Amino acid sequence: RTASGPLGLNVFAFAPRHQDGVFAERIPINGVPGCNVSHLTFRDLFVPDSALLGQHLRPTERFARSAMVTFDSLRPCVGAIALGVARSTLDLALQQRWATPRSSWLLKARRQLQAAMSQARMICKRFEQGETCGRDAGLAKITATRVAESALADTPGFETAILVMVKPPTGS
């Protein structure tokens with residue numbers, strides 16, 4: 001926030017690891033162990049005006065455009081998180097012997113999860129190449145979450161698996 005009111009929200013680009021006044025605390029994410037999601041805190045942080053994104057835009061356009069680009073780029077990530085949780089649940093079903101590795105429903109679920117993950121990765125690569133793919137990003141998220149939900153609905157012991165993932169059993 002650079003000023004009060006709706007036009008006082010601006011987006012700046014900077015490398016937080018290399019700035020004094022930036023503190024990060026990693027947030028553990030189940031299902032996607034490689035995801036480095038952190039809670040960032042800024043204290044007395046100086047960011048130069050040159051780091052302002054959308055300087056060429058009117059102030060009324062800056063935040064809205066930046067927000068939509070951010071939301072669009074995160075949509076495949078949300079889908080990937082759902083797929084990771086579903087994959088972890090399938091792994092738990094095998095560990096608990098609720099299924100065998102050759103179970104037809106399990107093989108089908110793994111194929112569907114892999115296909116949806118490939119779609120999400122493809123959208124992420126397009127974003128990295130500078131493409132705008134808002135509609136495709138939304139479709140990838142919807143597909144991923146539906147595939148994850150379907151895979152979980154067919155998993156024997158699904159309700160137990162969710163309980164175990166939310167609150168691991170205490171043991172001696």
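Treat the numbers as computed from the prediction; the structure is a model and nothing was measured.

An ideal rise of 1.5 Å per residue puts 54 Å on 37 residues; helix α1 (residues 59-95) measures up with 54 Å between its terminal C-alpha atoms. Considering bend angle alone, the principal kink of α1 is centred on Arg75 and spans about 30 degrees; proline Pro76 follows within four residues of it. Positive phi shows up at Arg97, right after α1, with a value of about 60 degrees.

Our focus in this paragraph is unusual backbone geometry. Of note in this structure, Asp44 is not a glycine but carries a positive phi near 50 degrees. Topologically, Asp44 is positioned in the loop between β2 (38-42) and α1. What makes Asp44 exposed here is its relative accessible area of 83%. With phi around 60 degrees, Arg97 is a residue other than glycine that occupies positive phi space.

Looking now at the packing of aromatic side chains. According to the stated counting rule, one finds 0 aromatic pairs in the structure shown. Between Arg43 and the ring centre of Phe23, over which it is positioned, the NZ or CZ distance is 4.6 Å.

With that out of the way, let us pick up the pattern of salt bridges. Applying the stated criterion across every chain, the model contains 5 salt bridges. In this structure, Asp91 engages Arg110 in a salt bridge whose closest nitrogen and oxygen atoms are separated by 3.2 Å. On the criterion of sequence distance, the pair formed by Asp91 in helix α1 and Arg110 in helix α2 (residues 104-128) is long-range, its members being 19 residues apart. Since its relative accessible area comes to 31%, Arg110 is described here as partly exposed. Note that Asp136 is salt-bridged to Arg126, the shortest N-O span being 2.9 Å.

For the rest of this paragraph, the subject is helix α3 (residues 134-153). Along an α-helix, residues three or four positions apart point the same way, because every turn accommodates 3.6 residues. The terminal C-alpha atoms of α3, which comprises 20 residues, lie 29 Å apart, in line with the 28 Å expected from a rise of 1.5 Å per residue. For α3, the full list of buried residues reads Ala137, Gly138, Ala140, Ala144, Val147, Ala148, Ala151 and Leu152.

What counts and what doesn't
Residues numbered from 1 in each chain as written. Predicted model: local features only at pLDDT ≥ 70, side-chain atom pairs only at ≥ 80, totals over all residues. Heavy atoms only, no water. Helix = DSSP H or I, 4+ residues; strand = E, 2+ residues; numbered from the N terminus. Expected span 1.5 Å × (residues − 1). Bend = angle between axes of the 7 residues up to and from the residue. Buried < 20%, exposed > 50% of the residue type's maximum accessible area, 1.4 Å probe, protein only. Phe/Tyr/Trp six-rings, centres within 6.5 Å; stacked < 30°, edge-to-face > 60°. Lys NZ or Arg CZ within 6 Å of the ring centre and 35° of its normal. Salt bridge = Lys/Arg side-chain N within 4 Å of Asp/Glu carboxyl O.

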